[in-house]
Amino acid sequence: MGPKRTPRQAVAKAGVASSQTSSLSRATESQSTSGITPPGSRIPAVPTAADSSAIVQQAWASYIKDTPRKLKLVDTFMVFLAAVGIIQFVYCILVGNYPFNAFLSGFSITVGQFVLAASLRMQANPDNSGQFEKVTPERAFADFIFGSLILHFFAYNFIN
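Residues numbered from 1 in each chain as written. Predicted model: local features only at pLDDT ≥ 70, side-chain atom pairs only at ≥ 80, totals over all residues. Heavy atoms only, no water.

Under an unreviewed UniProt entry, the name given to the protein chain is DAD family-domain-containing protein, and the organism recorded is Lipomyces kononenkoae.

Okay, here's the thing in structure tokens:
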């Protein structure tokens, strides 16, 4: 937290910030040539498709470069689980859910595995080592396996 200010100092600081904001908005108005943002408007310009694709490409390149290989494997498993869950749900809507226990069990396993994989990813990520000081990646994987076994045991009993 910063130093405590009197109400007079807060109002003076807000006045400085609003004058900086108005000069910034004048600068962006002069830079806006797309015609999407009306003059004098404080609404930001709508990003174009080129801006969005550049953002996605930069995020993907950063992911490929900075993410460890083990985490990419967990991410791939999570994408697979999401796809299986979507396929199960669409199948249930289109074809029907006659053995409702089987659908509910399969969908619950998919969601449960996704949650367990997300937990594994958080605990095995080297960037989060400060938050999980006492949990090694091996311990996180053992917890994931134990949780998966319990999840599958309950789902198997639920189908019966």
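**Overview of the nonpolar core**
The biggest cluster of nonpolar side chains holds 6 residues, and these are Val-74, Met-78, Ala-117, Leu-120, Ala-140 and Phe-144. Broken down by secondary-structure element, the contributors of at least two residues to this core are α3 (69–94), α4 (100–124) and α5 (137–159). Once you skip the residues sitting within four places of it in the chain, Val-74 turns out to touch Ala-117, Leu-120 and Arg-121. (Core = buried A, V, L, I, M, F, W, Y, C linked by side-chain atoms within 4.5 Å. Buried < 20%, exposed > 50% of the residue type's maximum accessible area, 1.4 Å probe, protein only. Helix = DSSP H or I, 4+ residues; strand = E, 2+ residues; numbered from the N terminus. Contact = heavy atoms within 4.5 Å.)

**Details of the pattern of salt bridges**
On inspection of all chains with the given rule, the structure shows 2 salt bridges. A salt bridge links Arg-121 to Asp-75; its shortest N-O distance comes to 2.4 Å. Remark: Asp-75 occurs in helix α3 and Arg-121 occurs in helix α4; sequence separation between them is 46 residues. Arg-121 sits in the partly exposed class, given a relative accessible area of 22%. In this structure Asp-75 comes out as buried when scored by relative accessible area, which is 14%. Notably, a salt bridge pairs Arg-139 with Asp-143, separated by 3.2 Å at the nearest N-O pair. (Salt bridge = Lys/Arg side-chain N within 4 Å of Asp/Glu carboxyl O.)

**Details of the packing of aromatic side chains**
Tallied over the full model, the rule gives 7 aromatic pairs. With centroids separated by 6.5 Å and ring planes inclined at 25 degrees, the aromatic side chains of Phe-77 and Phe-80 adopt a geometry described as stacked. Of this pair, Phe-77 and Phe-80 are both found in helix α3, 3 residues apart, which corresponds to roughly one turn of the helix. Its relative accessible area of 32% is what places Phe-77 among the partly exposed residues. For the pair Phe-100 and Phe-103, a centre-to-centre distance of 6.1 Å together with 40 degrees between the ring planes defines the contact as tilted. Placement of both Phe-100 and Phe-103 in helix α4 is noted, with a separation of 3 residues, approximately one turn of the helix. The structure contains a cluster of three or more aromatic residues connected by ring pairs, namely Phe-89, Phe-100, Phe-103 and Phe-107. (Phe/Tyr/Trp six-rings, centres within 6.5 Å; stacked < 30°, edge-to-face > 60°.)

**Notes on the packing of α3 against α4**
Viewed as axis vectors pointing N to C, α3 and α4 meet at an angle of 160 degrees, and their least axial separation amounts to 9 Å. Taken together, α3 and α4 sit at an angle that is classed as roughly antiparallel. The hand of the α3/α4 crossing is left-handed. On the side of α3, the interface is formed by Leu-71, Val-74, Asp-75, Phe-77, Met-78, Leu-81, Val-84, Gly-85, Gln-88, Phe-89 and Cys-92, while α4 contributes Phe-103, Gly-106, Phe-107, Thr-110, Gln-113, Phe-114, Ala-117, Ala-118, Leu-120, Arg-121 and Ala-124. (Axes fitted to C-alpha atoms, helices over the stretch in contact; angles between N-to-C directions. Parallel < 35°, antiparallel > 145°, perpendicular 65-115°, else oblique. Left-handed = near helix turned anticlockwise from the far one by under 90°.)

**Here we look at the environment of Tyr-91**
By secondary structure assignment, the location of Tyr-91 is in helix α3. Owing to a relative accessible area of 52%, Tyr-91 belongs among the exposed residues under this scheme. Between the C-alpha atoms of Tyr-91 and Phe-103, which are 12 residues apart in sequence, the distance is 9.5 Å.

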